[in-house]
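Structural overview
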Amino acid sequence: MTAAKATGPAIYRAIASVMADMAVEGIGKDKRNTQQGYNFRGIDDVYNALAPILAKRGLIILPRVVSRECVERTTAQSKAIFYTTVQVEFTLVAAEDGSSHVVTTYGEAMDSADKSTNKAMSAAFKYAAMQAFCIPTEGDNDADATTHEVRGRHADDGPSAAAQFAADQLRQAKTGEEFKHFWNSQKEGLRQSLNDGDYAHVVKVMQTEAKRFAEKSDAKQSEKSTANDFPGDTPFDDQKDAA
């Protein structure tokens, strides 16, 4: 009796085969976070376990970074550290027929030098693999071998460098047109990139400088300019709310 020929995209048969193999092999938690006292699976463990199985089952994994965000933070020891978040698409391709399936996940990591993006991409791959192939993660916090203690921002730290730069650009505008052009072209980017306190600082400066340009016109034009030139530019109803 001839066995029925498999139909449908080969990608899902390949994924199922890898899942079956991983269910037998598994990945042990051989790494240890000495600062917080728990074991975890390192990215090398995942690569070493998956590589031969992926080759055996004809499954290819191709990464594509969709977005990346990197911010500078300060450790508890007042040293600079870079916190990076990446969104990565992993296209799983079956070598048998070229069929594919996309898995999207995020990775986060910190590093005091230039490795935060590399670490974040590794974390994204590890999570994508564990979820796509159902690799057990019981009790796995999935951290790096070291844990960074980050100092929170305090009110007395003042505005960030980015907020100060934006405020200075508003103050240095020589004409109303120059002022409006900068604000209208930058406000959405500032809203997305700055925290609430920093954005409030920039908005307060914007409101103050808007009055400076309005006062150069006659009273009627000034009232019209204030009402119409900056509609909906700020989430605050007045300067008191922006403070």
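Here we summarise the structure given alongside this text.

About the criteria used
- Residues numbered from 1 in each chain as written.
- Predicted model: local features only at pLDDT ≥ 70, side-chain atom pairs only at ≥ 80, totals over all residues.
- Heavy atoms only, no water.
- Pairing = 2+ DSSP bridges.
- Helix = DSSP H or I, 4+ residues; strand = E, 2+ residues; numbered from the N terminus.
- Buried < 20%, exposed > 50% of the residue type's maximum accessible area, 1.4 Å probe, protein only.
- Polar contact = N/O pair within 3.5 Å; in protein donor to acceptor, adjacent residues only side chain to side chain.
- Contact = heavy atoms within 4.5 Å.
- Expected span 1.5 Å × (residues − 1).
- Bend = angle between axes of the 7 residues up to and from the residue.

**Points about the pairing of strand 4 (residues 80–94)**
Pairing of strand 3 (residues 59–75) with strand 4, which is carried by 15 bridges, proceeds in the antiparallel orientation. Within the sheet, the bridge partner assigned to E72 lies in strand 4 and is F82. Hairpin remark: strand 3 followed by strand 4, antiparallel, with four residues in the connecting loop; positive phi at S78, about 65°. Summarising the sheet, strand 4 and strand 5 (residues 100–111) pair through 12 bridges and their orientation is antiparallel. Following the sheet pairing, F82 is matched in strand 5 by D111. What sits between the antiparallel neighbours strand 4 and strand 5 is a turn of five residues, in which G98 has the positive phi angle 80°.

**Considering the side chain of S99**
Mapping S99 onto the fold places it in the loop between strand 4 and strand 5. For S99, a relative accessible area of 14% gives the class buried. A distance of 3.3 Å separates a polar side-chain atom of S99 from the backbone nitrogen of A10. Among residues more than four places away in sequence, those in contact with S99 are P9, A10, I11, L92, V93 and A94.

**Focus: helix 5 (residues 176–193)**
Over its 18 residues, helix 5 runs 25 Å from end to end, which matches the ideal 26 Å to within 8%, given 1.5 Å per residue. At Q186, helix 5 shows its maximal kink, close to 45°. Every buried residue of helix 5 is accounted for by F179, K180, F182, W183, K187 and L190. Where helix 5 is buried, its residues meet helix 4 (161–171) and helix 6 (196–214).

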